[in-house]
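# Residue-level structure breakdown
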Amino acid sequence: DVKVTQSSRYLVKRTGEKVFLECVQDMDHENMFWYRQDPGLGLRLIYFSYDVKMKEKGDIPEGYSVSREKKERFSLILESASTNQTSMYLCASSFTGTGAYEQYFGPGTRLTVT
Amino acid sequence: GQSLEQPSEVTAVEGAIVQINCTYQTSGFYGLSWYQQHDGGAPTFLSYNGLDGLEETGRFSSFLSRSDSYGYLLLQELQMKDSASYFCAVRDGAGGYNKLIFGAGTRLAVHP
């Protein structure tokens, strides 16, 4: 059974803290993605990675950075958390090429920044 | 720019048929996908159309017309468990990447 796991389901942090969200997939997928989901706005892409140590900005990268040191692991970093980063964060992975239409999602991390 | 439009909410009764439309505007097009997300859950893949026409998977079907930049998800014999949000997504292959662009989602409420 394919699986994408995220390090936390719920996280509460204070403004200005550095926050790490971890994502691990066991499907040997080339592509990994970080989205944030807010009511009425759908899934907005923050960053994605198509290979180890490779990363590309998505639609809303400001205030975030990422790291992919191993193929199975993709980390999202909030350098200095702010209240407007309170959201649901979803990690996903997919194969490349013709398999890219199907992404597998983790359970999500609901982050609250106070 | 790239955008997808779908209705924000749809309501239907058990046993009925509902159609969720999606129109898209993208610089490159490599297919239309549909995802389902229950409250508190993760999005899960439902179907994919790479070519024009209808794809059927059990009670769910998906249609694509590339000339009209339009697709829909058809849900038949609705059940209470179909109450969820449904997202259309376009595969954007521009630049050789393999990312998806998601619509804002349609919340389907199924009533007895």
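So, a few notes on the structure that sits alongside this text. (Residues numbered from 1 in each chain as written. Chains lettered and ligands numbered in written order. Predicted model: local features only at pLDDT ≥ 70, side-chain atom pairs only at ≥ 80, totals over all residues. Heavy atoms only, no water.)

### A few points about the sheet that holds strand β3 (residues 18–25) of chain B
Residue and element names in this part refer to chain B. The 5 strands are arranged β1-β3-β8-β7-β6 in an open sheet whose pairing can be described as antiparallel. Edge positions in the open sheet fall to β1 (3–5) and β6 (53–57), since each of these has one partner strand only. Each adjacent strand pair in this sheet contributes to an overall mean axis angle of 20 degrees, direction not counted. (Pairing = 2+ DSSP bridges. Helix = DSSP H or I, 4+ residues; strand = E, 2+ residues; numbered from the N terminus. Axes fitted to C-alpha atoms, helices over the stretch in contact; angles between N-to-C directions.)

### Some remarks on the environment of Gly71 of chain B
All names here are of chain B. Counting through the fold element by element, Gly71 comes out in strand β8 (residues 70–75). Judged by relative accessible area, which is 0%, Gly71 ranks as buried. Here Gly71 is in contact with Ile20, Asn21, Cys22, Leu32, Trp34, Phe63 and Leu64, once residues within four sequence places are set aside. (Buried < 20%, exposed > 50% of the residue type's maximum accessible area, 1.4 Å probe, protein only. Contact = heavy atoms within 4.5 Å.)

### A closer look at the interface of chain A and chain B
Contacts between the two partners involve 24 residues from chain A, matched on the other side by 17 residues from chain B. Taken together, both faces of the contact between chain A and chain B bury some 1,700 Å²; the carbon and sulfur share is 61%. Summed over the three residues of chain A that lose the most area to chain B, namely Leu43, Tyr101 and Phe105 of chain A, the buried surface amounts to 32% of that side. Taken together, chain A and chain B are joined by 0 salt bridges. (Buried area = accessible area lost by both parts, 1.4 Å probe. Salt bridge = Lys/Arg side-chain N within 4 Å of Asp/Glu carboxyl O.)

### Remarks on the packing of aromatic side chains
For the structure shown, the criterion picks out 15 aromatic pairs over all chains. Taking the centre distance of 5.6 Å and the plane angle of 45 degrees together, the rings of Tyr101 of chain A and Phe45 of chain B count as tilted. Remark: Phe45 of chain B occurs in strand β5 (residues 44–49) and Tyr101 of chain A occurs in the loop between β9 (87–94) and β10 (104–105); the pair is interchain, linking two chains. Tyr101 of chain A gets classed as partly exposed once you look at its relative accessible area, which sits at 22%. Note on Phe105 of chain A and Tyr35 of chain B: the rings are 5.9 Å apart at their centroids and 80 degrees apart in plane angle, and the pair reads as edge-to-face. With one member in each of two chains, Phe105 of chain A in strand β10 and Tyr35 of chain B in strand β4 (residues 32–37) form a pair that bridges those chains. Assessed through its relative accessible area of 10%, Phe105 of chain A is described here as buried. (Phe/Tyr/Trp six-rings, centres within 6.5 Å; stacked < 30°, edge-to-face > 60°.)

### Points about the layout of surface pockets
Looking at the largest pocket, its volume works out to about 540 Å³. Forming the walls of the largest pocket are 23 residues, and the residues nearest its centre are Gln37 and Pro39 of chain A together with Gln37, Ser85 and Arg107 of chain B. Sorting the residues of the lining of the largest pocket by element identifies β4 (31–38) of chain A together with β9 (84–92) and β11 (106–111) of chain B as the ones contributing at least two each. Partitioning the lining of the largest pocket into residue classes produces 6 nonpolar, 11 polar and 6 charged. Lining the second largest pocket are 14 residues; nearest its centre among them are Leu43 and Asp59 of chain A together with Gln2, Ile101 and Phe102 of chain B. Those elements that place two or more of their residues in the lining of the second largest pocket are β5 (42–51) of chain A together with β10 (99–102) of chain B. (1 Å grid on protein atoms, 1.4 Å probe; cavity = no way out; pocket = protein on both sides within 12 Å on 5 of 7 lines; lining within 4 Å. Points joined across faces, edges and corners; volume = space filled by probe spheres on them. Nonpolar A, V, L, I, M, F, W, Y, C, P; charged D, E, K, R; others polar.)

### Brief notes about the pattern of salt bridges
Scanning the model with the defined rule gives 9 salt bridges over all chains in all. Among the ionic pairs, Asp38 of chain A bridges to Arg44 of chain A, the shortest N-O distance being 2.8 Å. Taking relative accessible area as the criterion, Arg44 of chain A reaches 26% and is therefore assigned partly exposed. The salt bridge partner of Arg66 of chain B is Asp52 of chain B, with a shortest N-O separation of 3.0 Å. Here the residue Arg66 of chain B occupies a position in the loop between β7 (60–65) and β8, and Asp52 of chain B occupies one in the loop between β5 and β6, the gap between them amounting to 14 residues. Using a relative accessible area of 42% as the deciding quantity, one classes Asp52 of chain B as partly exposed.

None of the figures reported here should be taken as evidence of function without further support.
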